[in-house]
Structures are given as C-alpha cells and as structure tokens.
Amino acid sequence: MKEPLAYTTTVMSWNFLLSAFQRAEAAGSKNGNLDLNLEAPPSIVLCCISIEAFCNEISSLSRAFLFDQNRETNPSEEDLAGIAQEKLSNLCDISQDSKGSFYDRYKRVVRLLGENNPGFMDELVHLRDLRDSLVHFRSCDVPITEGEDGVIRYAQDPPPVLRALKNRRISEKPVVAGAKDEDWTLRISTSAMAIWALLLTCQAILYVLDSFPEGSFRKFVLERYRPRDRSYTDLYSKAKDDISVWEHEVLA
C-alpha cells in the first residue's frame, strides 16, 4: 500500500468566480438608460458555488498543512503556524461533511477562526435566498390566471428576498429593476445585481483570508491564491479591483 508523500487541493473557487465575472461582463448593456444583463442570475449561482468551493478548499489546505507539519516539524513549533492545530483539525472536517449550504459552511469557517459575525452576513443570506429561489424552481413557476375582468395574466409571486433588496443600489442603479408585474427573474437580470453578487463574494473570501493570523499557515494558504500580478497578495483582491473598474464602465 502506497503512503502519500503530501497533500494539496485543486483551487476551483477562483474559476467559478472568474466565469461569473466574465459572463456578466460580456453580457452587460452599455446603454446608460437600460441596465439589462441576462447573465446576472447565473452569476448569482456561480458566486454561491465559489464561496462553497473556497470553504472546502480552506478545509483541504488545512489538511495538507497539518500533514506536512506532522511529517516535517516538531509539535513545539506549532506556534510558528500562527493558528492552533485544534482549529486546523476542525477546519479539516468541513470538506468531509456533505451537509449544509454554502452559507452554513462559510459560517462554520468564520466561527472556527474565532471571528465575530461580519456585518455582511445578512447580505450572504440574501445571496443564498436568491440562489435557492432560482434553482429550487418553485419560485420560477408562473401561474397564468383569468381575472375577474376576464383578462388572462401572470399571477407569479416574487420570492420574499426581492423585498429585502428593493432599495439596494450599486452606483445609484437598483439591483432589482422593473415593474412588480414583470417576471422576477428578469427584474434581477441587471449588471448592478451581478456586481453586487461578485463584490460580496470577494468581500466574504477576503474576510477569511485576512482573518488568518501571521504565520506559516497563512503563507501556505495565500501561496495557493497568488495571482500573476504580484502587486496583489491574492486573486480576490485583484478581482475586487477589476469588478470595480467594470462597475464604473457599465453603470456610471
């Protein structure tokens, strides 16, 4: 039986975020009077997948780090990692647990790092609810009814999360557009919505990366997310700036 020499993990969270960004960027309307982007709903789903993949990657990287540390260092050198082995061991369990949404996994990571709930957790709830409404499909059913006046019309009830986001704006543009009687999946098809989801994803991931204390574990993780442009410490810091540039181009 062969013994493993080391562990690593495939970094997919970045691919999902990059795909969401590129698709939304390509589909964004350049018409300043009309913010229509049919790639916003797919971007919402891909952003959720990106956060879930990132949590699982951190879990796998914790396992890889502990494996290397146990083989190559002494227990007395644990403090060089900057983070207790018990926390790393608990992080290892996340990728092995199939239960829970991306939000549940993210919340576990944040709590294991000993951080208080960041202020954007409510925003992640909205992102989760949008994703669920899109892919569980009950909210996408469109009943067609005949009113008392004999007129045939749609009778779709939009998901409650739209009410929570009705006043949310990006560069003064509403993330939820259109009249209430329009298909809600079309109302969220805006570049403002895509940018909101993309920036929120970057914010959530950067919060975790910034929460790691200085030490060998932080260096080990950041090396997996190192961009070619070495003026940035990680891929997500660069993505955040790139998305902000696009926001100015498409919404200003």
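Here the structure is shown first, and the text comes after it.
Structural notes, computed from the coordinates. In this text, all values refer to a predicted model and were calculated from it rather than measured experimentally. Residue positions within a chain follow its written sequence, with the count starting from 1. In view of the model being predicted, local features appear only for residues whose pLDDT reaches at least 70, and side-chain atom pairs are presented and counted only at 80 or more, with totals across whole chains, interfaces and linings using the full set of residues. Side-chain measures here rest on the full set of heavy atoms in the structure, leaving out hydrogens and waters.

1. Re the side chain of S60
A run of DSSP states H or I qualifies as a helix once it reaches four residues; a run of E qualifies as a strand once it reaches two. Both are numbered from the N-terminal end. In this fold, S60 is placed in helix α2 (residues 40-72). A residue is classified by how much of its surface remains accessible, and S60, at 16% relative accessible area, is buried. Residues within four places of S60 in sequence aside, it is in contact with T9 and S95. Note on exposure labels: buried denotes an accessible area under 20% of the residue type's maximum, exposed denotes more than 50%, and partly exposed covers the range between, all computed with a 1.4 Å probe on protein chains only. Between two residues, a contact is recorded if the distance between any of their heavy atoms is within 4.5 Å.

2. Some thoughts on the pattern of salt bridges
For salt bridges, the criterion is a side-chain nitrogen of Lys or Arg within 4 Å of an Asp or Glu carboxyl oxygen. Under the defined criterion, the tally for this structure stands at 10 salt bridges. Across the pair R128 and D129 runs a salt bridge whose closest N-O atoms are separated by 3.2 Å. Judged by its relative accessible area of 21%, R128 falls in the partly exposed class. A salt bridge links E214 to R218; its shortest N-O distance comes to 3.4 Å. Judged by relative accessible area, E214 falls into the exposed class, the value being 65%. The network of salt bridges with shared partners includes D97, K99 and R108.

3. Focus on empty space enclosed by the protein
In this analysis, the protein atoms alone were mapped onto a 1 Å grid. Cavities are point sets where a 1.4 Å probe fits without being able to get out; pockets are open sets with protein on both sides within 12 Å along at least five of seven lines; lining residues have an atom within 4 Å of a point. Grid points are joined across faces, edges and corners, and a volume is the space filled by probe spheres set on the points. One pass over the structure, following the stated rule, counts one cavity of 30 Å³ or more. Size it by volume and the largest cavity reaches roughly 30 Å³. Surrounding the largest cavity, L209, D210, R218, L222, T233 and D234 form its lining. When contributions to the lining of the largest cavity are tallied by element, the ones reaching two or more residues are α8 (191-211) and α9 (216-224).

4. Digging into the packing of helix α4 (residues 102-112) against α8
Packing of α4 against α8 brings their axes to within 10 Å, and their N-to-C directions diverge by 25°. As summarised for this structure, α4 and α8 are arranged roughly parallel, according to the angle between their axes. For the pair α4 and α8, the crossing hand works out as left-handed. In contact with Y106, V109 and V110 of α4, α8 contributes A204, Y207 and V208. As a working rule, the residues Ala, Val, Leu, Ile, Met, Phe, Trp, Tyr, Cys and Pro are called nonpolar, Asp, Glu, Lys and Arg charged, and the rest polar, with Gly in that last group. Here the residues of the contact of α4 with α8 are counted per class, giving six nonpolar, no polar and no charged. To get an axis, fit a line to the C-alpha atoms, keeping to the stretch in contact for a helix; angles then go from 0 to 180 degrees between the N-to-C directions. Should an angle lie under 35 degrees it is considered roughly parallel, over 145 roughly antiparallel, and from 65 to 115 roughly perpendicular; all remaining angles are considered oblique. We call a crossing left-handed when the near helix sits turned anticlockwise from the far one by less than a right angle, and right-handed when that turn is clockwise.

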